[in-house]
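Here is how the chains run, residue by residue.
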Amino acid sequence: MNFGFLGIQFGFALQNGNASRILQTFGADVEHLSLFWLAAPLTGMIVQPIIGHYSDKTWTSLGRRKPYFLTGGLLAAAALIFLPNASFMAFILPPILVGAGMLMIMDASFNVAMEPFRALIADNLPDSQRGLGFSVQTFLIGIGAVMGSWLPYIFSEYLGISKTADQNHIPNNVLFSFYTGAVVLIGSLLWTIFTTKEYPPEEYAAFHANEPKLESGGLLSIFKDFANMPSTMRQLGLVQFFSWFALFSMWVFSAPAIAQHIYHVAPNDTSSIKFADAGNWVGILFGVYNGVSAIYALFLPAIARLTSRKITHAFSLIAGGAGLISIFFIHDPKLLLVSMVGIGLAWGSILAMPYAILSGSIPAQKMGVYMGIFNFFITLPQIINGLFGGLIVKHLFDDQAIYAIVLAGIFMFCAAVCVLFIHDEKDINFEPEQ
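Note that the structure is predicted; figures quoted are calculated from it, not measured. (Residues numbered from 1 in each chain as written. Predicted model: local features only at pLDDT ≥ 70, side-chain atom pairs only at ≥ 80, totals over all residues. Heavy atoms only, no water.)

Asks: I'd love a proper account of unusual backbone geometry, names of residues and values included.
Replies: Phi is positive for H264, which is not a glycine, with a value near 55°. Mapped onto the secondary structure, H264 falls in the loop between α10 (231-261) and α11 (273-306). The exposure class of H264 is exposed, given its relative accessible area of 60%. The backbone of D398 shows a phi angle near 55°, a positive value even though the residue is not glycine. (Helix = DSSP H or I, 4+ residues; strand = E, 2+ residues; numbered from the N terminus. Buried < 20%, exposed > 50% of the residue type's maximum accessible area, 1.4 Å probe, protein only.)

Shown next, in the form of structure tokens:
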């Protein structure tokens, strides 16, 4: 069920590790980077609840969720090919605008693909197994992210592919990485589509026969569902706000922060060897934290059983906050690997624990739409950060992106405190028939 997410995260990791670098190469200033990244949360806020609403009501020969994540995957793969080649379409629009447009298409496509995958796991598993299901998903997300994050470095350092290029052009090691990402994305999605069963409506309804029937409505019913969301979702919303504000800062500002603070690269330098080295090392670091998250995800169900899902998530977020703040005190790039361990613990838990907590409080008939609505608490903090993060870096932090990373660490600590006030529904234990 989860294998397709490996390919989605492969492409998503290429975007996270290289989009700021690509946009800077096309002429974006550091303080404007967060505005370009607004495409992701804006499209997610709109797209995911709609996709969830319609996927709840869809049944085709391909299944309920599969048509949506296949469509999203195909569009994302196309954007992976075109984003780093924006400079070759300069006869149409300036490369920065073409690049921003491709980033928006890619973000929208990833959002179309991701939401049905979350709902697929919740559809097919009882509550007692969902923690494990989302942990396996997190494991495969981590594997895909490691592969995607490390690929530009592997191409340049081990295969001899050029890591520098002419002004306003993307190096070949990044280009070839994006092409590879498109192939891996499509291949992994097709694997899930051809090997995974979805329950037809009659069988699905019988499995949830004891649950109260909910009235069905049109697209506008999303707003009613939003107003009537479970209290657990509302409580998780504050945790998600602080967590994803921090993550957005890390993804947007890590490349310029590490280039400036540790490699001592000038803010307007986008073509030197040092800038390329910093960008490639950020990819390695992102791969490390994703690798840590993949391993950690395998232990999350056991840790949660020994403590609780809330304690597990709070501990993980504290580790992430410590990892982010520690970057400020590091001057040797290799020591940043230690910081990534803490960030990896937080990322692994963020991808699994909130969904495991949430799924037990959601009516089965509205699993898709509520998983989509829950994405609102992921996208809103990113939109706020996108609108004001660059201004904060420019005017409050004097263009020193490293302080945005420190602020992200503080927000992780705030999220950890908020977790402790969540009401977590008790797991449902299903007994096998005698």
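Asks: Could you give me a rundown of α11, with the residues and numbers involved?
Replies: Taking 1.5 Å per residue, 34 residues should reach 50 Å; α11 reaches 49 Å between its end C-alpha atoms and fits that length. Burial within α11 is extensive, with 24 of its 34 residues counted as buried. (Expected span 1.5 Å × (residues − 1).)

Asks: Tell me about empty space enclosed by the protein, and please be specific about residues and values.
Replies: Scanning the entire structure with this criterion turns up seven cavities of 30 Å³ or more. A volume near 350 Å³ is recorded for the largest cavity. N111, M114, W244, N375 and I378 are the residues nearest the centre of the largest cavity, which is lined by 26 residues in total. Breaking the lining of the largest cavity down by element, the ones donating at least two residues are α1 (3-25), α3 (39-56), α5 (95-124), α10 and α16 (376-396). Split by residue class, the lining of the largest cavity holds 15 nonpolar, eight polar and three charged. (1 Å grid on protein atoms, 1.4 Å probe; cavity = no way out; pocket = protein on both sides within 12 Å on 5 of 7 lines; lining within 4 Å. Points joined across faces, edges and corners; volume = space filled by probe spheres on them. Nonpolar A, V, L, I, M, F, W, Y, C, P; charged D, E, K, R; others polar.)

Read these as geometric descriptors, not functional statements.
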